[in-house]
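# Descriptive analysis of the structure
Next come the chains, spelled out residue by residue.
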Amino acid sequence: MNLSKVKNSISNLELSAKRKLGSVKLIAVSKVQPNEKIKVVLEEGHRCFGENRVQEALGKWPGFRSNYDNIELHLIGPLQTNKARQAFELFNVIQTLDRVKLAKSFASLAQEKGSCPELFIQVNTGEEPQKAGIFPEQLDSFIKECRSMDLPIEGLMCIPPIDEEPSLHFSLLKKLQERNDVNSLSMGMSSDFETAIAFGATHVRIGSAIFGERIPTP
Ligand SMILES: *Cc1c(COP(=O)(O)O)cnc(C)c1O
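Let us look at the structure shown here. (Residues numbered from 1 in each chain as written. Predicted model: local features only at pLDDT ≥ 70, side-chain atom pairs only at ≥ 80, totals over all residues. Heavy atoms only, no water.)

### A look at the pattern of salt bridges
- Tallied over the full model, the rule gives 10 salt bridges.
- Measuring nitrogen to oxygen at the nearest pair gives 2.8 Å for the salt bridge that ties D98 to R99.
- The salt bridge partner of R179 is D140, with a shortest N-O separation of 2.9 Å. Of this pair, R179 sits in helix α7 (residues 166-180) while D140 sits in helix α6 (residues 136-148); the two residues are 39 residues apart in sequence, bridging distant segments of the chain.
- By sharing partners, the salt bridges in this structure join R85, E89, E112 and K113 into a single network. (Salt bridge = Lys/Arg side-chain N within 4 Å of Asp/Glu carboxyl O. Helix = DSSP H or I, 4+ residues; strand = E, 2+ residues; numbered from the N terminus.)

Here it is as structure tokens:
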């Protein structure tokens, strides 16, 4: 697949799910991809990208931003508190808020700067010990705590366990969204975005279907 095929397929899915055309945002996940491939996608007019590491993103996006307008950058990987400031300054959207310590650090950065990236809370729907994210039963109180710090909680994000039916996790995230009255749902990757859209995804994060397989990092 490539960018236009993915975009077509998203439009078709929006229609078949009786969703508004254009209601699903495509985040092109460019982690580990060579700059030449990212440039091709930028030249095709796409402006919304996802990266999972702050350091890697700092190495490429300030350069692209000086050549292309209106780039919207999403952080989709775990964030260490000591990189919170860099992430806050680089990303338009941070999708991996997953603990109180990080929320507090965003709150003080927001106070200092007078603005804040859009925030998504990562939910560990499969309760996997090796995976980041708030457990579902702790989410309601975490959201309350974030809201009490005036943080702009825009949505929820999840990465289902690789060996389970993703629809179970997408429907759980949808339920958590409705219960907590948040706007957006970031769910669905190359292998399962069709299902995610049927279950109400507003943001899909797609890497390999656009750029091709990632070269594995050693
Ligand atoms: C890498 C990554 C993706 C994209 O995965 P593909 O299978 O290449 O589409 C989506 N979300 C997160 C959090 C990722 O780390």
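Still more ground to cover, so stick around.
### Details of the packing of aromatic side chains
- As enumerated under the stated definition, the model contains 3 aromatic pairs in all.
- Between W61 and F64 the ring centres are 5.0 Å apart and the planes differ by 55°, which places this aromatic pair in the tilted class. Within this pair, W61 and its partner F64 are both found in helix α3 (residues 54-67), separated by 3 residues, close to a single helical turn.
- A residue is classified by how much of its surface remains accessible, and F64, at 8% relative accessible area, is buried.
- Between F88 and F106 the ring centres are 6.0 Å apart and the planes differ by 40°, which places this aromatic pair in the tilted class. Of this pair, F88 sits in helix α4 (residues 84-90) while F106 sits in helix α5 (residues 100-113); the two residues are 18 residues apart in sequence, bridging distant segments of the chain.
- Classification of F88 by relative accessible area gives buried; the value is 6%.
- On the basis of relative accessibility, which here comes to 0%, the residue F106 falls in the buried class. (Phe/Tyr/Trp six-rings, centres within 6.5 Å; stacked < 30°, edge-to-face > 60°. Buried < 20%, exposed > 50% of the residue type's maximum accessible area, 1.4 Å probe, protein only.)

### Things to note about the site of the ligand
- Every residue near the ligand is listed here: V29, K31, I76, I159, M189, S190, R205, I206, G207, S208 and R214.
- Within the contact set of the ligand, an oxygen atom lies 2.6 Å away from a side-chain nitrogen or oxygen of K31.
- Between the ligand and the protein, one listed contact pairs an oxygen atom with a backbone N or O atom of S208 at 2.8 Å.
- Expressed as a share of its isolated accessible area of 390 Å², the protein-covered part of the ligand is 90%.
- In this structure, the ligand is accommodated by the largest pocket. (Near = heavy atom within 4 Å. Polar contact = N/O pair within 3.5 Å; in protein donor to acceptor, adjacent residues only side chain to side chain. Areas by Shrake-Rupley, 256 points an atom, 1.4 Å probe, with all protein chains shown as cover. 1 Å grid on protein atoms, 1.4 Å probe; cavity = no way out; pocket = protein on both sides within 12 Å on 5 of 7 lines; lining within 4 Å. Sits in = over half its atoms within 2 Å of the grid points.)

### As for the packing of α6 against α7
- Two elements in contact, α6 and α7, have axes whose closest approach is 11 Å; the angle formed by their N-to-C orientations is 35°. Here α6 runs over α7; the crossing is right-handed. For the pair α6 and α7, the contacting residues are P136, L139, D140, I143 and R147 in the first and L172, L176, R179 and N180 in the second.
- Residues of the contact of α6 with α7, tallied by class, amount to 5 nonpolar, 1 polar and 3 charged. (Axes fitted to C-alpha atoms, helices over the stretch in contact; angles between N-to-C directions. Left-handed = near helix turned anticlockwise from the far one by under 90°. Contact = heavy atoms within 4.5 Å. Nonpolar A, V, L, I, M, F, W, Y, C, P; charged D, E, K, R; others polar.)

### Things to note about the side chain of S105
- Take S105: it is sitting in helix α5.
- When neighbours within four sequence positions are excluded, S105 is seen to be in contact with T81 and A84.

### Some details on unusual backbone geometry
- Notably, V32 is not glycine yet its phi reads approximately 65°, a positive angle.
- Relative to the helices and strands, V32 resides in the loop between β1 (25-29) and α2 (35-43).
- A positive phi angle is found at E127, which is not glycine, with a value near 45°.
- Looking at where E127 falls in the secondary structure, it is placed in the loop between β5 (118-122) and α6.
- For E127, a relative accessible area of 36% corresponds to the partly exposed category.

### Describing the layout of surface pockets
- Here the largest pocket defines a volume of roughly 590 Å³.
- Taken together, 25 residues line the largest pocket, and the ones lying closest to its centre are K31, I159, M189, R205 and R214.
- Here the lining of the largest pocket is built from residues that sort into 12 nonpolar, 7 polar and 6 charged. (Points joined across faces, edges and corners; volume = space filled by probe spheres on them.)

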